[in-house]
Amino acid sequence: MRSPLQSVQGNVVINIIRLDNARPRRDAENWSESLGAYNFYPGSDRLDASLALAVRFGFDGRDRLRRTVEAIDRELGCGPYHYRYSGADKEEGCFLACTFWMVEAKILLDQPEAASRAFTEAIGGLAPTAGVYPEMIDPASGRYLGNMPQGLTHLAIIQALMSLQARRG
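Starting from 1, residues in each chain are numbered consecutively following that chain's sequence as written. Predicted model: local features are reported for residues with pLDDT of at least 70 only, side-chain atom pairs are reported and counted for 80 or more only, and whole-chain, interface and lining totals are derived from all residues. To get the side-chain values, all heavy atoms of the structure are used, and hydrogens and water are removed first.

(A) Examining the nonpolar core more closely. One finds Leu65, Tyr81, Phe100, Trp101, Val103 and Phe119 to be the most contacted residues of the largest nonpolar core, which totals 47 residues. Taken together, the elements giving at least two residues each to this core come down to β2 (37-38), α3 (53-56), α4 (62-76), β5 (94-95), α5 (96-108), α6 (112-125), β6 (136-137) and α7 (151-168). Here a strand is any run of E in DSSP of at least two residues, a helix any run of H or I of at least four, and the numbering for each starts at the N terminus. Ranked by residues supplied to this core, first place goes to α5 with nine residues. Pairs of residues are marked as contacts when any of their non-hydrogen atoms sit within 4.5 Å. Non-local contacts of Leu65, meaning those with residues more than four positions away in its chain, are made with Tyr38, Ala54, Val55, Phe59, Asp60 and Leu109. Take the buried residues of types Ala, Val, Leu, Ile, Met, Phe, Trp, Tyr and Cys, join any two whose side-chain atoms come within 4.5 Å, and each joined set is a nonpolar core. Here's how the labels work: a residue is buried when its accessible area is under 20% of the maximum for its type, exposed when over 50%, partly exposed in between, all with a 1.4 Å probe on protein chains only.

Listed below in structure tokens is the structure:
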């Protein structure tokens, strides 16, 4: 039986691979001119922050990926954190893994200063702990929400740190 973490990671990776293998269709159906970004699903004008992972997986079209990351920052960002998708702010807190996926995407898109600043602000906003972080955070109060500890958050933090270190040499 798959754990919820494996399911989430597997679904994100499978969707990105499907999109990359169907590039002509993807570019026609999943690009929103009104958003200036790849959208949540074909025909929508909603964003999904997990698209930041497309940069890691070598998704083609760096200009569109850069524009998508900028749109995610603009539309889903709240302080140093990010909501998972359009409308999530009405349902839940900011999803910490998405925030750190954005850090990694910025590094890979040659924006190391922005990535370093985003990482520092996000980590600095988290309450001092023994290195145990939750699934989500209320961006207004800093209160931890969701599952605690959350492995996906920890993996995203580690990956972002490794990318920052690799960039610094």
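(B) Examining the packing of aromatic side chains more closely. When two rings of Phe, Tyr or Trp (its six-membered ring) have centres within 6.5 Å they constitute a pair, described as stacked for plane angles under 30 degrees, edge-to-face for angles over 60, and tilted for the intermediate range. Tallied over the full model, the rule gives four aromatic pairs. Judged by centre distance (5.1 Å) and plane angle (85°), the rings of Trp31 and Tyr38 are edge-to-face. On the basis of relative accessibility, which here comes to 3%, the residue Tyr38 falls in the buried class. With a centroid separation of 5.6 Å and an interplanar angle of 70°, the aromatic rings of Phe100 and Phe119 are classed as edge-to-face. You can see Phe100 sitting in helix α5 and its partner Phe119 sitting in helix α6, a full 19 residues away along the chain. The residues Phe100 and Phe119 share a single accessibility class, namely buried. Members of the aromatic cluster, each reached through a chain of ring pairs, are Phe40, Tyr41 and Tyr85. Each ring is checked for a lysine NZ or an arginine CZ that lies within 6 Å of its centre and within 35 degrees of its normal; such an atom marks a charge sitting over the ring. If you follow Arg84 out to its NZ or CZ, it ends over the ring of Phe95, 4.7 Å from the centre.

(C) Representation of the packing of α6 against α7 within the structure. Angles run from 0 to 180 degrees between N-to-C directions of axes, and those axes are lines fitted to C-alpha atoms, restricted for helices to the stretch in contact. Where α6 contacts α7, the two axes come as close as 11 Å, and the packing angle between them is 140°. The angle between the axes of α6 and α7 places the two elements in the oblique class. In terms of crossing hand, the pair formed by α6 and α7 is left-handed. Taking contact as the criterion, the partners of Pro112, Ala115, Ser116, Phe119 and Ile123 in α6 are, on α7, Ile157, Ala160, Leu161, Leu164, Arg167 and Arg168. When an angle is under 35 degrees it counts as roughly parallel; over 145 it counts as roughly antiparallel; between 65 and 115 it counts as roughly perpendicular; any other value is oblique. Handedness of a crossing is defined here by the sense of rotation of the near helix relative to the far one, left-handed for an anticlockwise turn of less than a right angle and right-handed for a clockwise turn.

(D) Structural detail: the environment of Thr153. Relative to the helices and strands, Thr153 resides in helix α7. Classification of Thr153 by relative accessible area gives buried; the value is 1%. On a C-alpha basis, the gap between Thr153 and Trp101 in space is 9.5 Å, while along the polypeptide they are 52 residues apart.

(E) Spotlight on the pattern of salt bridges. Between Lys or Arg on one side and Asp or Glu on the other, a salt bridge is scored when a side-chain nitrogen of the former is within 4 Å of a carboxyl oxygen of the latter. Per the counting criterion, the structure on display carries nine salt bridges. Across the salt bridge formed by Glu75 and Arg74, the nearest N and O atoms sit 3.5 Å from each other. Looking at Arg74, the relative accessible area reads 51%, which means it is exposed. What emerges from the salt-bridge pattern is a single network uniting Arg62, Asp110 and Arg167.

(F) Structural detail: the confidence of the model for the protein. Mean pLDDT over the protein stands at 86; residues scoring 70 or higher make up 83%. The pLDDT value tells you how sure the predictor is about a given residue, anywhere from 0 up to 100. The spread of mean pLDDT over the elements of the protein runs between helix α1 (residues 4-21), the lowest at 51, and strand β4 (residues 81-82), the highest at 98. Every residue in residues 1-10 scores below 50 in pLDDT, and together they form ten contacts with partners more than four places removed in sequence or on other chains.

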